[in-house]
Amino acid sequence: MISDLPPLNAVRAFAAAARHESFSRAADELHVSHSAISRHIKLLEEHLGVLLFERRIRQSVLTPAGQAFYEQVSVALTQIAQAATALRQGAALRKVTINVRPSFAVRWLIPRLPQFMAQYPQIHPEVVTSTLPPDPARETFDLVIRRGHSGWAAALQPHPLLDDEILVVAAPALLQGTPLHSPKDLVRHTLLVSRTRLGDWSKWLEHCRLKPLRNPPTLHFDHMHFVLQACVDGLGLSLCPASLLAKDLASGRLVCPLPELRQPLTHYYYALACDAAPEAQVFIDWMQAQIQQDAMLNLPQLPARHGDQ
C-alpha cells in the first residue's frame with residue numbers, strides 16, 4: 001500500500017549504508033553529512049520498529065532484520081532505477097513525422113529507412129501516407145513530400161528535392177516469352193495502369209511521338225506500388241517513375257526494354273511545417289545525401305540512351 005511506505009529518503013540512505021557497511025561511505029556517495037545518514041536510519045528504524053544496524057566502532061553491521069530488509073529494498077530500488085532509465089531513454093527518442101504518397105513510401109523511403117535509423121538511433125521517423133495536397137491545417141506532419149508544388153497550403157514553402165522521369169519496365173521472364181524490341185511490339189503486351197496516374201501511357205506515347213494504341217489490353221490497380229508488384233510478377237508492362245525503380249533494377253527484378261523512350265516528370269518537392277521538429281532538417285539532409293549517393297551508385301544500373309556516356 002502507498003500509505004504504508006517508509007520515508008523514501010531514509011530508505012535510500014539505509015541502502016547505501018548497508019551496501020558499504022559504513023555510514024561515512026554512504027554519506028560520501030549521497031553527498032550528505034554523516035549525521036544526516038544517522039538521522040535517516042534512526043527515523044527508518046522508528047518507522048519499522050526494529051533495529052537495522054549494530055553500531056560498532058568504525059563499522060555498522062546489519063542486524064538479521066536489517067539484512068532481510070536490505071535484500072528486498074535493493075531489488076526495489078534497482079527496479080525504480082531501471083524504470084527511470086527507460087523513461088529517460090524513451091523521452092530522449094525524438095520523433096519526426098514524414099508525410100508522403102504511398103508509392104514513394106513503399107518504393108523509395110521505407111527501403112532506405114534502416115540506414116537512417118542506424119545512423120540516427122536517437123530519432124524516430126514516423127511515416128504517414130496521404131494523397132491529399134499538403135496542408136498542415138488538415139494533417140499533422142513535420143515534413144511533407146509531394147510531386148510538384150501546385151495546390152500546397154500557403155503556409156508551406158516547397159523546395160526541390162528530386163528530379164524524375166518515366167520509362168517502360170518489365171519482368172525479364174515476360175520479355176523472354178514476348179520480346180519488346182521496338183515500340184511496335186507494345187501491342188503484344190498487357191499494359192498495367194495505376195488509377196492515380198491514368199493518363200501516363202497516352203502522355204508517354206505522345207511525348208515519344210508514337211501512335212496511340214488501339215484498345216490495348218490493360219489491368220488497372222489503385223496505386224503505383226501495386227502496378228510495380230504486378231509488373232515484377234510478370235503480368236504486363238509498366239510505365240514507372242525512375243525514382244521508384246532503383247531497387248528493382250539493381251536486383252534484376254525489372255528491366256527497361258526501351259531505354260531511349262523516356263519522359264521527364266514533375267520534380268519532387270519537400271516542405272517543413274512551421275512548427276516542425278528540429279530533427280526534420282536532419283532527415284532532409286539525410287535524404288539529399290541518399291539522392292546523391294543513388295545518383296552515383298545507380299547510374300550504371302539505369303538503362304542508358306544511345307549516346308549517353
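Refer to the structure presented above.
Residues numbered from 1 in each chain as written. Predicted model: local features only at pLDDT ≥ 70, side-chain atom pairs only at ≥ 80, totals over all residues. Heavy atoms only, no water.

A.B. asks: Is there a simple way to explain the overall build of the protein in this structure?
C.D. replies: Helix and strand counts for the protein stand at 10 helices and 10 strands. Principal-axis analysis of the C-alpha atoms gives the protein an extent of 105 × 45 × 40 Å. The buried share of the protein, taken over its 309 residues, is 41%. Of the roughly 17400 Å² of accessible surface on the protein, a fraction of 55% belongs to carbon and sulfur atoms. (Helix = DSSP H or I, 4+ residues; strand = E, 2+ residues; numbered from the N terminus. Buried < 20%, exposed > 50% of the residue type's maximum accessible area, 1.4 Å probe, protein only. Areas by Shrake-Rupley, 256 points an atom, 1.4 Å probe, with all protein chains shown as cover.)

A.B. asks: Help me understand the sheet that holds strand 3 (residues 94-100) in this model?
C.D. replies: Strands in a sheet are paired, the pairing made by backbone hydrogen bonds, and the direction either parallel or antiparallel. With mixed pairing, the eight strands of this open sheet are ordered in space as 4-3-5-10-6-9-7-8. Where the open sheet ends on each side, the last strands, each with one partner, are strand 4 (123-129) and strand 8 (218-221). The sheet shows a mean angle of 25° between the axes of neighbouring strands, taken without regard to direction. Looking at chain direction, strand 3 and strand 5 (residues 143-147) are connected through two bridges and run parallel. Bridge assignment links N99 to a residue of strand 5, and that residue is V144. (Pairing = 2+ DSSP bridges. Axes fitted to C-alpha atoms, helices over the stretch in contact; angles between N-to-C directions.)

A.B. asks: Which parts of the structure should I look at to understand the packing of helix 5 (residues 102-119) against helix 8 (residues 224-232)?
C.D. replies: Packed helix pairs are characterised by how far apart their axes lie and by the angle those axes make with each other. Packing of helix 5 against helix 8 brings their axes to within 7 Å, and their N-to-C directions diverge by 50°. The angle between helix 5 and helix 8 falls in the class oblique. Counting all contacts with helix 5, which are made through P102, S103, V106 and R107, the residues of helix 8 involved are M224, H225, L228 and Q229. Along the lines of polarity and charge, the residues of the contact of helix 5 with helix 8 split into four nonpolar, three polar and one charged. (Parallel < 35°, antiparallel > 145°, perpendicular 65-115°, else oblique. Contact = heavy atoms within 4.5 Å. Nonpolar A, V, L, I, M, F, W, Y, C, P; charged D, E, K, R; others polar.)

A.B. asks: Whenever I open this one, the pairing of strand 3 confuses me. Can you help?
C.D. replies: On any regular strand, side chains alternate: one points to one face of the sheet, the next to the other face. Counting buried residues along strand 3, five of its seven residues qualify, which places the element largely inside the surrounding structure. Where strand 3 and strand 4 come together, seven bridges link them in parallel fashion. For V96, the partnering residue across the bridge sits in strand 4 and is P125. The handedness of the strand 3 to strand 4 crossover, carried by helix 5, is right-handed. (Right-handed = clockwise from strand over helix to strand, strands pointing away.)

A.B. asks: What am I meant to see in the pattern of salt bridges here?
C.D. replies: Note that side chains of opposite charge can pair when their charged atoms are close. Applying the stated rule across the entire model yields nine salt bridges. R19 serves as the salt-bridge partner of E29, at 2.5 Å between the closest nitrogen and oxygen. Within this pair, whereas E29 is found in helix 2 (residues 23-30), its partner R19 is found in helix 1 (residues 8-20), the two being separated by 10 residues in sequence. A relative accessible area of 44% means that R19 is categorised as partly exposed. Several salt bridges converge on common partners, so that one network encompasses R107, D248 and R253. (Salt bridge = Lys/Arg side-chain N within 4 Å of Asp/Glu carboxyl O.)

A.B. asks: Would you mind going over the packing of aromatic side chains with me for this structure?
C.D. replies: Think of a pair of aromatic rings as described by two things: how far the centres are apart, and how the planes are tilted against each other in angle. Evaluated as defined, the whole model comprises 11 aromatic pairs. When the centroid spacing of 5.2 Å and the interplanar angle of 15° are considered together, the rings of F104 and W108 count as stacked. A residue pair is termed a helical-turn pair when its members lie 3 or 4 positions apart in one helix, as F104 and W108 do in helix 5 at four residues. This pair shows no difference in class: F104 is buried, exactly as W108 is. Centroid distance F116 to Y120: 5.1 Å. Interplanar angle 35°. Geometry classified as tilted. On the accessibility criterion, F116 (0% relative accessible area) is buried. (Phe/Tyr/Trp six-rings, centres within 6.5 Å; stacked < 30°, edge-to-face > 60°.)

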